[in-house]
Each structure stands twice: as C-alpha cells, then as structure tokens.
Amino acid sequence: MSYTKLAPALRAGSDICLTRAVVSCRLRSTVASPRTKPSSESQEQQVDETCSVLKKAAAQVDLISQTENAWSKSKVFIDFENTKEAYKSKETSELLRSLLVFRLCTFDFLVDKNKELINLSRKVLGKRLFEQLMKMTFYGQFVAGEDQEAIKPLVRRNHAFGVGSVLDYGVEEDLTQEEAEKKEMESCVSEAEKESHGLLVTYEVWSYKIIFRCTPFFLNMASRHPYLCSPFDQHMETFQHMETFLKCIEASGGSSEDGFSAIKLTALGRPQFLLQFSEVLVKWRRVFHLLAADQGKAGLSALDIKLEMKQLQESLAKLGLGAKDETQNWFTGEDLGMSGTVDLLDWNSLIDSRTKISNLLVVPNLETGQLEPLLSKFTDEEEMQMKRMLQRMDVLAKKALQHGVRLMVDAEQTYFQPAISRLTLEMQRKFNKEKPIIFNTYQCYLREAYDNVSLDVELSCREGWYFGAKLVRGAYMDQERSRAAEIGYADPINPNYEATNQMYHRCLDYVLEEIKHHRKANVMVASHNENTVKFTLQRMNEFGIHPSENKVYFGQLLGMCDQISFPLGQAGYPVYKYVPYGPVNEVLPYLSRRAQENRGIMKGSQRERLLLWTELQRRLLSGEIFYKPVY
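Since this is a predicted model, take the numbers as computed values, not measurements.

K.L.:
An account of the pairing of strand S3 (residues 163-169) is requested, with residue identities and associated values reported.
P.N.:
A large share of S3 lies buried, amounting to six of its seven residues. Bridge count for S3 against strand S14 (residues 575-581) is seven bridges, and the pairing is parallel. Bridge pairing links Ser 165 to Lys 577 in S14.

K.L.:
I'd like to hear about unusual backbone geometry, residue by residue, with values.
P.N.:
One non-glycine residue, Asn 550, lies in the positive phi region at around 55°. By secondary structure assignment, the location of Asn 550 is in the loop between helix H22 (530-543) and strand S13 (552-557). Overall, Asn 550 belongs to the partly exposed group, its relative accessible area being 39%. The phi angle at Cys 561 is positive, at roughly 55°, despite the residue not being glycine. Following the sequence through the fold, Cys 561 ends up in the loop between S13 and helix H23 (562-570).

K.L.:
With reference to specific residues and values, describe the packing of helix H19 (residues 449-463) against helix H21 (residues 497-518).
P.N.:
Running from amino to carboxyl end, H19 crosses H21 at an angle of 15°, the nearest separation of the two axes being 9 Å. Viewed along their axes, H19 and H21 adopt a mutual orientation that is roughly parallel. Helix-helix and strand crossings are classified by hand; for H19 and H21 the assignment is right-handed. Only Met 503, Arg 506, Cys 507, Tyr 510, Val 511, Glu 514 and His 518 of H21 make contact with H19, whose side of the interface consists of Ala 449, Tyr 450, Val 453, Ser 454, Val 457 and Cys 461. The residue inventory of the contact of H19 with H21, partitioned by class, reads nine nonpolar, two polar and two charged.

K.L.:
Quick one: what's the story with the pairing of strand S12 (residues 521-526), residue by residue and with numbers?
P.N.:
Where a strand is regular, its side chains alternate between the two sheet faces. Within S12, six of the six residues are buried, which leaves it mostly tucked inside the rest of the structure. Side-chain alternation along S12 places Ala 521, Val 523 and Val 525 on one buried face and Asn 522, Met 524 and Ala 526 on a second face that is also buried. In the sheet, strand S11 (residues 467-472) pairs with S12 via five bridges, with the strands oriented parallel. Each residue of the ladder has a partner; that of Ala 469, found in S12, is Val 523. The pairing of S12 with S13 spans four bridges and is parallel. Across the sheet, Ala 526 pairs through a bridge with Gly 555, a residue of S13.

What counts, and at which threshold
- Residues numbered from 1 in each chain as written.
- Predicted model: local features only at pLDDT ≥ 70, side-chain atom pairs only at ≥ 80, totals over all residues.
- Heavy atoms only, no water.
- Buried < 20%, exposed > 50% of the residue type's maximum accessible area, 1.4 Å probe, protein only.
- Helix = DSSP H or I, 4+ residues; strand = E, 2+ residues; numbered from the N terminus.
- Pairing = 2+ DSSP bridges.
- Axes fitted to C-alpha atoms, helices over the stretch in contact; angles between N-to-C directions.
- Parallel < 35°, antiparallel > 145°, perpendicular 65-115°, else oblique.
- Left-handed = near helix turned anticlockwise from the far one by under 90°.
- Contact = heavy atoms within 4.5 Å.
- Nonpolar A, V, L, I, M, F, W, Y, C, P; charged D, E, K, R; others polar.

Written out as structure tokens, the structure is:
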C-alpha cells in the first residue's frame, strides 16, 4: 500500500513502521507461537529447603504449588516477616542507618526544604565533611557508589543473596521547577519556529545548533562516534548522555551475568520531537475513537473495538479525510481489513516510514473537520533528528546485546510517553525476536494503562516477538495534574490510589495470562507494595509460572523494602534492585527528586521500620550485634 496517496492529514513518517496485522476474533491473538513447556531441568529444580524464609505447610497460601507440569509437590509460603533472613545481607550499622534515614524522610519540612538544607550543610561543613555525612546517611542508603568500580562490591553482595541489579547513572541537572519548565518549553520549539518569531537570539543558550571549538579531544570523539557528531547534530549534552548510557551498559555486563540497564529517551535528543510525535499519535488515536463512536462502539476497551469497513469508509468521507474510492486502497495491503473490520492496531499501522516527519505533523482537527499543521515549518535538520534518535537507540541496544544486558526504557511524562513507547516498540521488534532485550515501562496511574499494555501484548503476538514490560505505579502525578489543569485537557491520572492499584493488578494479570498461554511475554513487577507482590506470587502459582522460567521479575529501589527483595531472591524468584551510582555532589539532584517522588512510600514505611527494630533487638539479644554477612 502506498500511503503517500492519502490525504496529507493521514500521512505519516519518521522511521515508524507497523507491520500489517490480522484481526483476531478475541482479545488475545490466536496466531501467536504455541505455549512452550519448561525443560525437564526446570521441572526438577527445587527451592532450597534449608532457607528458613520458606515455611512449608499444607494450610498456607499455595505460592509454588503442584501444577499441570508437576513442578513441585510441596506448598511453599514466603515469610516477609522473617527479619533474620530479610536482613542477613546487612551489617548492623546499615540497619541503624536505614532507621535514621526512613525516620528523617517522614518529616515534610526536611523533604520540602531538602535543597536548601543540603546547600547550607555544604557551606557549613565543607566539601569533604559534607560528602562523608551524605555517605553515612542518604547517599549511602540509596546510592551504590561513585563509579563503576565502587559499586561492584554492593552489586556482588546483593547477587550472592539472590538479588540482581538494574544500573542507573543517577546524575541529573540541578534545576528549579521554574528553570525546568522554561527549559522544557524552549526545547519543545522548532528551530524554524524560533527563527520565524525572531527568537533565535533569545534562545541561543538552549539552541540545538551549538558550535563547538574543534579541540583535538572533540575531534577524536567525533571520529569515534559519528552517529553522535554530525553537522546537524552537534549537541554536547546528547553526546555525554550517550557516553553515560554506554558505560552503564558495560558496568551492568561487568557486574553481573543477568543485569538490566536503564535509559531515558529524552536524553537522546531534543524533547521537541517526542512532544510533537506524541501529539500526532494521540490525535490519530482520537480519530479512531471518534469513528468508533460513530459506529456505536464508544466505551469499549481498545482491543474490543472492531470498525466495520464499509461504515468506516463512509465516516472517513464525511470527515473529509478521503473519498470512498481512495480510502478503499488504504487497507488492501498485507491482510489489512481482510476480515471486514479494522481494529486499533490496524489503524495505527497506517503510520509507516514511507513519508517525511513534516508530512506526519499535519493532522485532522476533529472539531472543524479541517486539516491543520502542528508546525508551520519543519527544517531538514529537524527531519533528521528523529532518525538519529532511532540510531542512538540502535547503538545502545546492540551494546546491551553484546554485553548480555537487558535495556529498560524509563517512562516519562504523558506528553512524551506515546512517542517513547512507539520508538521503544520499534526496538522491541528488531531486538526481541529471540529473547526479551528491550523492556518498555508502563505507568499504571494512567487511565489508559490497560489499553496500552493490552495493545502492545497483542501486537507482539501477531508479529511473533517477545514482549518485555516493567509495570510501575508512576512518578509524575502532581506534575501531570498541574499541567492538565493549566492547559485545559482531561486529567490523565486515575482518580485515587485504590483505582491505581486496581489498574496495576489488571495490567499485571493480563501479562501473566499471556505468559500462561504463550510463554513469550516477560514482566518486571516494580513495586514496593507487599500486597501487589503477594498477588503476583498467587497468580504465578495459579497460572503455573515457575520462577526458574525467568518470565516474571520483581524490582525495588536500592535501600528500600529489603524485607521484600531478599526473601524473594532467596526463594529463587528473579528480583532486582534499581541501583543508581555517581559522584556525591552530582547525584544530589537525583536524591532530591527521589525524596519528593517517594514521600508517600517513606511515610508509609512504618512497617519496614518496625521490622528493622525487630531485627536489631534480635541481634542484641542473641549476641549478634556485630554481625557481618558471609558470602
């Protein structure tokens, strides 16, 4: 199908190509690969009976029970209150530090004024004493070390006790809210628009065309990394971010055999492209739902909506998006519309790589029915940036594959996320053919989370690649709601915490059921919620998913919820700590952001503090106050 024949409003581009899909007759694809059974070696694998964190009892909740494949004849219960096992990787001084830090984080004043207090402490104590104080408290609790070598002891110790690592170089820009908003808005303006409005001088600091002094160092870097340094793409921040990500991948491969490395796509180019591309994807999806409403199918879940072809063509003609004889050619290629219906995956597949980004940035206005551009101009330079972003992702993915590391793409704000997910999807298609290398992140505090997860799972089934996901509740709630209220669009966030919990479990259940049927999906349950972890264990047991299959992972932040992470790891479940590292002063913005984001978790850490006190008392009474972990 030649998409360039369509009206400009429906043209698409940017290296994004969805393979033509067939329509399934139910929510889950029937064309996915058949279920593969675990090997006999996996079937015979048993949990270490000497681990006291596991209590065998017929009356206990059945977590790894006898299944269709007869994995185990024993019923196993993971005890998250066994403090001796949960903290046996920790020295007593580390327990005391955890108690102190968790207690300090419950005070709103300290969290709200953390930057001011940090600056004051630095001035009063001086650099050396200040860094020592941070290493004894917050930095030591939540950061693994200053560089790749410094983090190895902690990574190896955690690994010895059954816990892997997701490495993240935690250096961020230290900006105020006002500075961050200004920089975001400036970065989301086209270079052509800046010139047309006479803003090029005003925005010179943030302009993408930064001129470098051609020192031998820079020329050497440019020769080694041509994908980063070109006449159209000389941006030092992007170069530094790529170097950081590549080193992080190397560190992950050198520290453990089964590690993850995290990246942010906004660091691989100007956010402008993600913002604009996201807007196009969102509007394209809205057109589909408008057409669904016209056929009386509003309110259904995304995968349930099947548009009748004949009515669809008539509706498109009414909207002025193409004559009936013209739109008839849209769905003729590669089985599109062969069933007589079109679903959202078919609709999305019309956005392919056959046209330029500048054509993509022309979308229909649903209110007026007229075609309107998102930008008045789009330069050739900017035309290349999206392609270079994909090239950078390709370089990182190949590096991860080379070092045996899985790449986890972090979620970001909703106005960037549609583009981030789409680009991640392209990498999954390419690199997840034999095993999951690329993992996307889904924020379950979003109202559309279930639709996003179910659509991507279904697409992976149709096209035959491994689905990889990290499920999180989300970290940008206040920012998202403020922006929605300011700009005037619908709040994208679930109404309350309970609704988010329900969404999380719904998304998780969908992926787990997909694992049960086809064994080609993988999910990381990134949660500090003990009830969510128990829910996952129960569903794994019911679906016959054995931990040795490495289909379901668990993840928590370094320094938090050890009473969940280590019992899981010692019981044989794949569990990971999100491990940031970097120099003390450069990691402070990261620590500040974490303090703000996890305020609620810290306030709710009373149970964790109680368990820490219990373990301290046990060690004191048993004469183990100077306990040292042995591994």
